[in-house]
Amino acid sequence: MVIPVILAGGSGTRLWPLSRELHPKQLIGLIDEYTMLQNTVLRLAGFEGMARPIVICNENHRFMVAEQLRSIGIDPLAIMLEPVGRNTAPALAAAALKALEIDDAPTLLVLPADHTITYTEKLHEAMREGVALAEKGKLITFGIVPESPETGYGYIRKGAPVDGVDAVVIDRFVEKPDLDTANAYVASGDYCWNSGMFMFGSREVLAELERFTPEIVTACRAAVEKGTTDLDFFRLDSEAFAACPEDSIDYAVMEKTDKGVMISLSAGWNDVGSWDAIWHIGEKDENDNVIKGDVFLHDVSSSLLQGESRMIAAVGLKDMIVVETKDAVLVAPRDRGQDVKKIVSQLKAKARLEAQLHTVVYRPWGSYEGIDMADRFQVKRITVKPGAELSLQKHFHRAEHWVVVRGTAIVTRDDEKVLLREDESTYISLGTVHRLENPGKIPLELIEVQSGSYLGEDDIVRLEDNYGR
């Protein structure tokens, strides 16, 4: 059995303002109609012996991950929730332990959820070679044949060929180089990019972790044993996992093991780590521009221009990035895309919500979008999925008016229930216990007007909740 382990954590700060802390790049459709997570799972279809995936993510993203998998017909073996980030070695140790509860000797295929791969069959060919090597006890990394002297990737130097397969022993890992060194690496033909994709047996990788970093295995074993199942999720024990040392699988195992081999992969791979990467893989017009949204250009070339809510007009630009969302605009030279994360750091330091949230905020029951806000009032557009309901709750500092614009709502107000149809409204006074439900088969849409002395999302007392919040 080959069990995919999908690493779906991370915040994707270099793709701000589209990627936010609570809605990161792996959960966004950056390339096509599917999100990065969905594409990662879908490209495994047709591979013989492939089991359902184990997906690792954090608490804040759990409902989006579950919904995105459900919408493409995937029932995962587990959605494992990390209480804190501890890098890839602890995540994979926990996944390996969980996989051994499912199968006696599974092979793990480790895939980050934020990569693109153009030629799926070439990936499958490499995976088939990986399965054969994993069955012999090898720990495999997939090295990307470099197409250019990239300074944003780590590299792996090729060692001696492995008999009988198209693979080499790993000579050594090297850190992200400067441009001159990267040019020398590519010219030599002796190096591949470090993709962060791996394949190995659960027992074999745990044995190597025990050999080099036993404290990681001890902590993760306790985190799995004390973990709890909550709805569709498996929560690692927070105390045990928090005590685990932080380390990557590269440092913890792959750089030290004598069982490591590399399979070279040339399949149109990109880790989509910056807006420049989006430009490279995007469909270009006659002036090498990648355009998305309502965009008008004059004398613009080799640029990426993407708008969500407003028209973008640009004149005389070259090698630039312009990205517009409803609450932010990014403008930067393409070769400075790595520095976008510095803007995000500034936003976090000032506790700006633009670092965390979009104007549309997703919840397990649907979503809400901020439309307008000023002193003592706030207006939102609320969408509730068919059959879903919000928590039974009350507020101490605000009252709410609801107007149904599409669908049908059942509204609980203290001891009464009211059925609201389109163009009907209700009022929730301060302190009233209330709940909103969608009994219909189409999304429920309504406008909510909040008024009061405090309008923060933390002014919610949940009395009952279907989602364990």
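Residues numbered from 1 in each chain as written. Predicted model: local features only at pLDDT ≥ 70, side-chain atom pairs only at ≥ 80, totals over all residues. Heavy atoms only, no water.

A. Spatial organisation of the overall build of the protein. When you go through the protein residue by residue, the secondary structure sums to 11 helices and 30 strands. Against the compact-globule benchmark of 23 Å for 469 residues, the protein has a radius of gyration of 25 Å, which places it among compact chains. Burial statistics for the protein: of 469 residues in total, 51% are counted as buried. Long-range contacts, defined as pairs at least 24 residues apart, comprise 69% of the intrachain contacts of the protein with a sequence gap of at least 6. Surface accessibility of the protein: about 21,400 Å² in total, with carbon and sulfur atoms responsible for 48%. In the protein, 51 side chains carry a positive charge and 73 a negative one; their mean positions are 2 Å apart. (Helix = DSSP H or I, 4+ residues; strand = E, 2+ residues; numbered from the N terminus. Rg over C-alpha atoms; globule rule 2.2 N^0.38 Å. Buried < 20%, exposed > 50% of the residue type's maximum accessible area, 1.4 Å probe, protein only. Contact = heavy atoms within 4.5 Å. Areas by Shrake-Rupley, 256 points an atom, 1.4 Å probe, with all protein chains shown as cover. Lys, Arg positive; Asp, Glu negative; His and termini not counted. Charge placed at Lys NZ, Arg CZ, Asp CG, Glu CD.)

B. Structural view of the pattern of salt bridges. Within this structure, the stated rule accounts for 31 salt bridges. Close ionic contact of Glu 121 with Arg 128 constitutes a salt bridge, the shortest N to O distance being 2.5 Å. Overall, the relative accessible area of 43% leaves Glu 121 in the partly exposed class. With a closest N to O distance of 3.6 Å, Arg 211 and Asp 258 form a salt bridge. Placement of Arg 211 in helix 6 (residues 202-212) and of Asp 258 in the loop between helix 9 (249-254) and strand 12 (260-265) is noted, with a sequence separation of 47 residues between them. Residue classification places Arg 211 among the partly exposed positions, given a relative accessible area of 47%. By relative accessible area, Asp 258 is classed as exposed at 59%. Among the ionic contacts, a cluster of salt bridges with common partners joins Glu 59, Arg 62, Asp 230 and Arg 235. (Salt bridge = Lys/Arg side-chain N within 4 Å of Asp/Glu carboxyl O.)

C. Up close: the sheet that holds strand 16 (residues 304-307). One open sheet accounts for 4 strands, arranged 14-16-18-19; its pairing is mixed. Whereas interior strands pair on both sides, the edge strands pair on one side only; in this sheet they are strand 14 (290-292) and strand 19 (328-333). Averaged over all neighbouring strand pairs, the angle between strand axes comes to 5°, with direction disregarded. Alignment of strand 16 against strand 18 (residues 320-325), held across 4 bridges, turns out to be parallel. Note on strand 18: the bridge partner recorded for Leu 305 is Val 322. (Pairing = 2+ DSSP bridges. Axes fitted to C-alpha atoms, helices over the stretch in contact; angles between N-to-C directions.)

D. Representation of helix 11 (residues 340-349) in the model. Within the span of helix 11, buried status applies to Val 340, Val 344 and Leu 347. The buried residues of helix 11 all sit within an arc of 60° when viewed along its axis, so they share a single face. Projecting away from the buried face of helix 11 at angles above 90 degrees are the exposed residues Lys 342 and Ala 349. (Arc of directions from axis to C-beta.)

E. Structural context of the side chain of Thr 107. Take Thr 107: it is sitting in strand 4 (residues 107-112). Excluding residues that lie within four positions of it along the chain, Thr 107 makes contacts with Met 1, Val 2, Ile 3, Ala 134, Met 199, Phe 200 and Gly 201.

F. Just the nonpolar core, in detail. One finds Leu 37, Leu 109, Met 199 and Leu 436 to be the most contacted residues of the largest nonpolar core, which totals 66 residues. With 6 residues, helix 4 (residues 120-134) is the largest single contributor of residues to this core. Setting aside chain neighbours within four positions, we find Met 199 in contact with Val 2, Thr 107, Leu 108, Leu 109, Met 127, Gly 130, Val 131, Ala 134, Lys 138, Leu 139, Ile 140 and Phe 142. Counting residues in hydrophobic clusters, the runner-up holds 46 residues, among them Ala 93, Val 110, Leu 206 and Cys 244. (Core = buried A, V, L, I, M, F, W, Y, C linked by side-chain atoms within 4.5 Å.)

G. Highlighting the sheet that holds strand 22 (residues 377-384). Ordered in space as 20-21-22-29-24-27, the 6 strands form an open sheet in which the pairing is antiparallel. Of all strands in the sheet, those with a lone pairing partner are strand 20 (360-363) and strand 27 (425-428), marking the two edges. Averaged over all adjacent pairs, the angle separating strand axes in this sheet is 20°, with direction ignored. Of the pairings in the sheet, the one linking strand 24 (residues 398-406) to strand 29 (residues 444-452) comprises 8 bridges and is antiparallel in character. Bridging across to strand 29, Ala 399 finds its partner in Ser 451.

H. Molecular detail of the packing of aromatic side chains. For the structure on display, the rule yields 8 aromatic pairs. Ring centres 5.7 Å apart and planes at 80° place the aromatic pair Phe 63 and Tyr 467 in the edge-to-face group. Placement of the pair is Phe 63 in helix 2 (residues 62-71) and Tyr 467 in the segment after strand 30 (461-464), with a sequence separation of 404 residues. A relative accessible area of 17% places Phe 63 in the buried class. Three or more aromatic residues joined by ring pairs form one cluster here, namely Phe 63, Phe 233 and Tyr 467. (Phe/Tyr/Trp six-rings, centres within 6.5 Å; stacked < 30°, edge-to-face > 60°.)

I. The side chain of Ser 274, seen in detail. For Ser 274, the location among the structural elements is in the loop between strand 13 (269-270) and helix 10 (275-281). Looking at Ser 274, the relative accessible area reads 6%, which means it is buried. Look past the residues within four positions of Ser 274 in its chain and what remains in contact with it is Arg 14, Leu 15 and Gln 338.

J. Molecular detail of the pairing of strand 25 (residues 409-413). Of the pairings in the sheet, the one linking strand 25 to strand 26 (residues 416-420) comprises 5 bridges and is antiparallel in character. Bridge pairing in strand 26 places Val 411 opposite Val 418. In sequence, strand 25 turns back onto strand 26 through a hairpin of 2 residues, with Asp 414 there showing a positive phi of about 55°.

K. Looking closely at the packing of helix 3 (residues 88-99) against helix 6. Where helix 3 contacts helix 6, the axes come no closer than 9 Å and their chain directions differ by 135°. It follows from the interaxial angle that helix 3 and helix 6 lie oblique. Crossing of helix 3 over helix 6 shows left-handed handedness. Contacts between helix 3 and helix 6 involve Ala 89, Ala 93, Ala 96, Leu 97 and Ala 99 on the former and, on the latter, Ser 202, Val 205, Leu 206 and Leu 209. Along the lines of polarity and charge, the residues of the contact of helix 3 with helix 6 split into 8 nonpolar, 1 polar and no charged. (Parallel < 35°, antiparallel > 145°, perpendicular 65-115°, else oblique. Left-handed = near helix turned anticlockwise from the far one by under 90°. Nonpolar A, V, L, I, M, F, W, Y, C, P; charged D, E, K, R; others polar.)

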